Every structure is written in structure tokens, then in C-alpha cells.
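Structural features, examined
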Amino acid sequence: MGKNKKPPRLKARLPKGLRDIDASEIRARDAMLRAIRDVYESYGFEPLDTPAFEYTDALGKFLPDQDRPNEGVFSFQDEDEQWLSLRYDLTAPLARHVAENYEALPKPFRRYQTGSVWRNEKPGPGRFREFIQFDADTVGASSVAADAEMCMLAADALEALGVKRGDYVIRVNNRKVLDGVLSSIGIDPHADEQLGTRLTILRALDKYERLGSDGVKLLLGDGRKDESGDFTKGAGLTSHQTEPLMKFVMAQEQGRDSTLGSMEGLVQGNEIGQQGIDELRSMDAVLTASGCEDDRVAFDPSIVRGLDYYTGPVFEAELTFEVKDEKGRPVRFGSVGGGGRYDGLVARFKGQPVPATGFSIGVSRLYTALTALGQLKDAEPFGPVVVSVFDKAAIADYQALVTRLRDADIRAELYLGNGKMGQQFKYADQRGAPCVVIQGPDEKERGEVQVKDLIEGAKAAQSVASNEEWRSERPAQFAVSEDKLVEAVREVLARHRD
RNA sequence: GCCGCUGUAGCUCAGUUGGUUAGAGCGCUUGAUUGUGGAUCAAGAGGUCCCUCGUUCGAAUCGAGGCAGCGGUACCA
């Protein structure tokens with residue numbers, strides 16, 4: 001048991017919930033962002049960028065204190081001891097921007113924005129602490145036509161990304177209808193002493209999709225025990241109160257119109273509830289007139305979304321196809337986007353109400369889903385052409401070959417390592433190079449270069465048994481005169497382009 | 001936060017009732033092949049057995065506490 005004499009090494013590790021993103025994902029993601037941007041632009045939204053962090057109070061976050069440091073957001077203090085936080089979404093920064101530039105902006109103000117957001121929460125499968133969102137918002141429009149437009153926008157964006165109609169659905173509900181139902185069972189949605197109960201109820205309803213009616217019933221009543229044995233306290237409602245809520249959450253019918261009818265029956269003349277129903281009815285009219293049927297946008301009373309933030313219609317985009325993970329188990333992706341009307345957010349700064357509605361696409365999660373669906377093609381199927389270095393003294397000649405390829409718009413690079421030929425081929429292989437260019441003294445003398453097609457060669461390797469044969473045959477390799485280099489490489493590229 | 005499971009090589013894992021120098025496969029490096037990726041063969045590098053304390057003649061193995069990862073659940077304005 002001798003002492004370890006080596007100094008302890010620094011452990012290379014990524015902070016939890018964060019990840020590095022490789023070349024193929026970046027390319028695929030860029031393509032996604034382009035597709036979404038084209039849709040948002042076509043709707044007339046204008047781009048905006050805001051910084052990664054803001055003053056903590058502008059995000060509407062309580063200052064981190066001893067009791068609850070960094071709840072939900074990553075925060076730090078600047079040299080003046082002012083609290084700053086990384087943005088956790090793109091909506092709060094928008095509200096700040098609009099309030100700060102209110103007079104100069106056109107109203108309604110329509111902007112789109114994409115970027116990373118950070119959440120100081122426990123990461124889970126498919127959930128990270130840094131992820132990309134792509135938002136579109138309309139600020140200063142109180143008409144539900146703006147809300148209807150958000151739903152169409154979301155549907156169009158998903159289709160532009162290759163999600164087929166029927167493989168997704170935008171589910172819509174209205175917070176006013178929910179409030180109406182709460183009133184009908186004797187819970188005042190705006191009474192302070194019942195805020196806690198209201199939250200618990202709404203959260204329970206929100207889980208209908210995942211837990212089913214039995215689970216929701218438990219959460220509305222005494223509570224529910226999960227698979228790990230952990231117990232979640234319920235809302236403590238009587239079965240008298242639970243019944244109408246269960247009826248409501250299951251009120252979805254075939255088609256927006258029937259769903260509205262069945263929801264309306266449960267609101268029963270409650271003023272707020274009726275107002276919510278009327279809003280949904282207006283949205284339905286706008287959607288239908290635009291040819292957006294219920295296979296794309298549906299009404300669903302179990303949609304709740306985050307809380308106290310939304311004031312009217314709420315939306316959620318969901319993928320409906322089933323996907324298996326690497327172990328063959330079915331995975332549910334759940335929501336890949338969401339949004340709604342938040343009439344109160346800008347008012348925090350302005351003192352006057354400024355109506356607003358928006359939709360946010362979770363790009364990172366959508367990427368995972370689309371990859372699983374096999375929907376994303378690799379935008380760049382091969383690596384660069386590698387020009388090998390046979391003789392270090394002739395490196396200038398090799399660089400000239402590289403330049404000629406680049407001038408012909410072919411991705412190419414000179415091998416910059418120290419390896420011998422074998423290692424250079426291995427490198428080219430690892431890079432996914434379609435071919436390697438070789439020029440030894442013999443070729444130089446004849447004014448030729450060798451072009452070796454690595455993809456063809458890999459196929460040929462399967463039928464070659466002995467190493468001698470492998471080496472002497474030089475599969476898929478041919479000589480061309482030096483001035484035909486570009487044509488020869490192009491031919492190899494074309495051979496494997498699809 | 002709460003509940004459960006798991007920590008041994010870069011990765012996936014084995015490791016007997018507690019016993020001497022902790023193993024395998026894959027990967028990596030080098031060579032067989034001084035002008036060629038693959039296959040084959042050979043050699044090599046690579047370990048704080050998560051950490052600390054305890055029990056013991058002796059701990060990767062047993063006990064306690066911690067830490068980390070994974071999963072579930074909650075929270076997510």
C-alpha cells in the first residue's frame with residue numbers, strides 16, 4: 001500500500017446540467033433556427049437581441065437571500081453589489097425592453113428572439129440547465145386574434161421543421177375559464193387566503209395528461225404517493241368539489257366546437273368563465289377562417305401552464321408520435337413549446353396595463369425529438385478533403401494543392417500533424433474525409449497526384465482479407481495529372497453526394 | 001427539497017467466505033508493414049477501487065457519515 005507519489009490531477013468535468021455541443025448538432029441546430037426564423041419573419045416579426053443577464057428585479061425574481069439562495073435562477077452581484085441574474089426566459093427581458101423603450105416602439109410591437117436561457121433547477125432526462133428558446137411575441141394587442149395568430153405561428157413553425165401534420169398538436173385553454181370553474185366550486189381565484197389551494201388545484205389539473213384521472217383525483221383530495229414512495233400532499237378538496245373539476249378536465253371532445261360546448265356547460269353563467277369561453281370562441285373563428293383546423297390547434301381544458309404569469313389564453317405545443325430511447329423504452333417528449341397571454345408583465349414597469357401574448361419554442365428539446373424521429377439530415381455529410389504530407393520538405397507544394405481545392409469551393413486542409421502516412425490516413429478517416437490527396441516523389445516526377453476515395457475504399461476493405469492484398473491493391477485510389485486535381489476530387493464528391 | 005438505486009482503467013463491466021502484486025472486453029499508443037485507413041498478430045501505456053472515519057493481523061469487499069451520478073417526485077415566477 002505505497003503512497004501515491006503523483007500530484008493529484010485536476011478533474012476535467014462539466015458542470016451538471018450543462019453540455020458541450022458537437023459539430024453535427026450545431027449544424028442541425030442552425031438549420032432549425034433558420035427554418036423557424038423564416039416562418040417568424042413571414043408573419044412580420046422583427047428580430048431583437050437582449051443580453052444574457054439582467055438586473056434580478058427586472059426578471060421579477062426575488063433577491064436571493066440566505067433562506068433561498070438562487071431559487072430557480074443563477075445570480076451574482078456586480079462591483080456595486082447590485083444583483084444580476086442570467087435570464088431564465090426571453091419574455092421577462094422583452095417586457096423590460098418594451099417598458100424602457102415604450103415611446104419609441106411601434107404599437108403593437110412584434111418581435112422574435114432566440115438565445116440560451118438558464119435555469120437553476122435539477123436537471124433531468126432531456127432537461128438541462130442551459131437551453132435554447134425561440135420566441136415570438138406581440139406586445140400591445142389585446143385582441144385574441146393575436147393569440148390565435150400565435151397558435152398558427154407555432155403550427156407553421158413545427159411543420160417548417162419537418163413535423164408532419166398529425167404528429168403534433170397545439171393545445172389551447174384559457175385561464176379565465178379555469179378561474180370560472182374554481183369559482184363554481186366555491187374557491188375565489190383571487191382571494192389571498194386561497195392562493196395556495198388554487199395553485200395546488202391548477203398543478204393537479206396540469207398533470208392529467210401524465211397521471212390520468214385517478215392521479216389527479218388523489219392530488220385534488222388527500223394526496224398521492226409516487227413510484228419511489230414519495231408522498232405529494234393534495235389540495236384537500238371534498239369529493240363534492242373534486243367532481244366538477246374532474247368533469248372539467250375531461251371535457252375535451254372531438255373538435256373545438258364540441259369541446260367549447262362541454263366546457264361552457266361547466267362554467268354555468270360564471271362571468272369570468274363565460275368571458276374565457278367567448279375568447280376561445282373568437283379564437284376558433286379566426287383559426288377556422290385561416291384554414292387552421294383542429295388537427296393542428298385543439299382546445300384542451302387540462303392545459304394550465306406555469307402560474308400567475310398568464311392572464312388569458314394559454315398554449316402548449318406537443319409532439320404526439322411515440323419515440324423510443326436507446327434502450328428501446330418509449331419516451332414522451334411532452335411539450336416542445338408553450339406560451340400565452342400575459343397582460344400584466346409590462347405593467348410592472350409602466351404602471352399602465354400593456355396587453356401581450358407570445359409563444360416560445362424549446363429548440364433544444366425539439367432537436368432531441370427530431371433527431372429521434374430521424375427528421376434531421378446531417379447538413380454536412382463529409383469532412384474536408386485531406387492533403388497528406390508525404391515529404392515535409394515539399395509542404396509548400398501541398399499547401400498549393402489545398403489552396404486550389406479551396407479556390408474551387410471544396411473544403412480542404414493540409415495535414416498538420418506529425419504522423420506518418422498510416423496515421424495521416426487514420427486521421428482523414430476520423431475526420432470523415434471523402435478522399436485524401438497524395439503526392440510522393442514518384443507522382444511529383446510524373447506531374448501527377450493520387451486521389452484516394454476513402455468511402456469507396458472502406459467498402460472495398462470488407463472483401464480484402466490479407467494485409468498484403470490490402471496494401472498492394474490500394475483500393476479506390478487513382479492517379480490523375482496534377483492539373484486535373486479539382487475535377488477528380490469533384491468526381492469523388494459527386495459519387496457520394498447522396 | 002424528498003424517496004430509491006449506483007460509485008472499480010478513457011468507456012462497459014467482473015472481482016469468490018475480508019487475504020499477498022486488483023482483472024477482462026472495447027478504446028488508445030507502438031510495432032509486424034522505413035509509400036496507405038480496414039482485418040490479423042504482438043507489445044505497451046493507463047487505477048486515490050468516490051472521500052473520511054471506524055471494525056480487523058489484514059478492507060475494493062464489513063459499518064457509519066459525507067460527496068457525486070442516475071432515476072422518480074416536487075418546484076420551475
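So, a few notes on the structure that sits alongside this text.

Conventions adopted
- Residues numbered from 1 in each chain as written.
- Chains lettered and ligands numbered in written order.
- Predicted model: local features only at pLDDT ≥ 70, side-chain atom pairs only at ≥ 80, totals over all residues.
- Heavy atoms only, no water.
- Helix = DSSP H or I, 4+ residues; strand = E, 2+ residues; numbered from the N terminus.
- Rg over C-alpha atoms; globule rule 2.2 N^0.38 Å.
- Buried < 20%, exposed > 50% of the residue type's maximum accessible area, 1.4 Å probe, protein only.
- Contact = heavy atoms within 4.5 Å.
- Areas by Shrake-Rupley, 256 points an atom, 1.4 Å probe, with all protein chains shown as cover.
- Lys, Arg positive; Asp, Glu negative; His and termini not counted.
- Charge placed at Lys NZ, Arg CZ, Asp CG, Glu CD.
- Expected span 1.5 Å × (residues − 1).
- Arc of directions from axis to C-beta.
- Core = buried A, V, L, I, M, F, W, Y, C linked by side-chain atoms within 4.5 Å.

**Overview of the overall build of chain A**
When helices and strands are tallied, chain A shows 17 helices and 20 strands. In terms of C-alpha radius of gyration, chain A reaches 30 Å, well past the compact-globule figure of 23 Å for 498 residues. Projected onto its principal axes, the C-alpha coordinates of chain A cover approximately 95 × 70 × 55 Å. The burial tally for chain A puts 45% of its 498 residues in the buried class. Residue pairs at least 24 apart in sequence account for 68% of intrachain contacts in chain A once pairs closer than 6 positions are excluded. Counting only carbon and sulfur atoms, one obtains 48% of the accessible surface of chain A, whose full area is about 26400 Å². With 67 positive and 81 negative side-chain charges, chain A shows a spacing of 6 Å between the two charge centroids.

**Quick word on helix α1 (residues 23-42)**
Here α1 is 20 residues long and its end C-alpha atoms lie 29 Å apart, about the 28 Å a rise of 1.5 Å per residue gives. Listing the buried residues of α1 in full gives Glu-25, Ala-28, Arg-29, Met-32, Leu-33, Ala-35, Ile-36, Val-39 and Tyr-40. Down the axis of α1, the sector holding all buried residues measures 160°, keeping them to one side. Of the exposed residues in α1, those oriented more than 90 degrees away from the buried face are Asp-38 and Ser-42. In the core, the buried residues of α1 are packed alongside β5 (109-118), β6 (130-139), α3 (144-160), β15 (356-362) and α11 (363-373). Phi turns positive, to about 90°, at Gly-44, one or two residues after α1.

**Digging into the nonpolar core**
Tyr-40, Ile-170 and Leu-205 are the most contacted members of the largest nonpolar core, which totals 71 residues. Counting residues per element, this core draws most heavily on α3, at ten residues. In contact with Leu-205, other than residues within four places in its own chain, are Leu-178, Val-216, Leu-220, Leu-245, Val-249, Ser-302 and Val-304.

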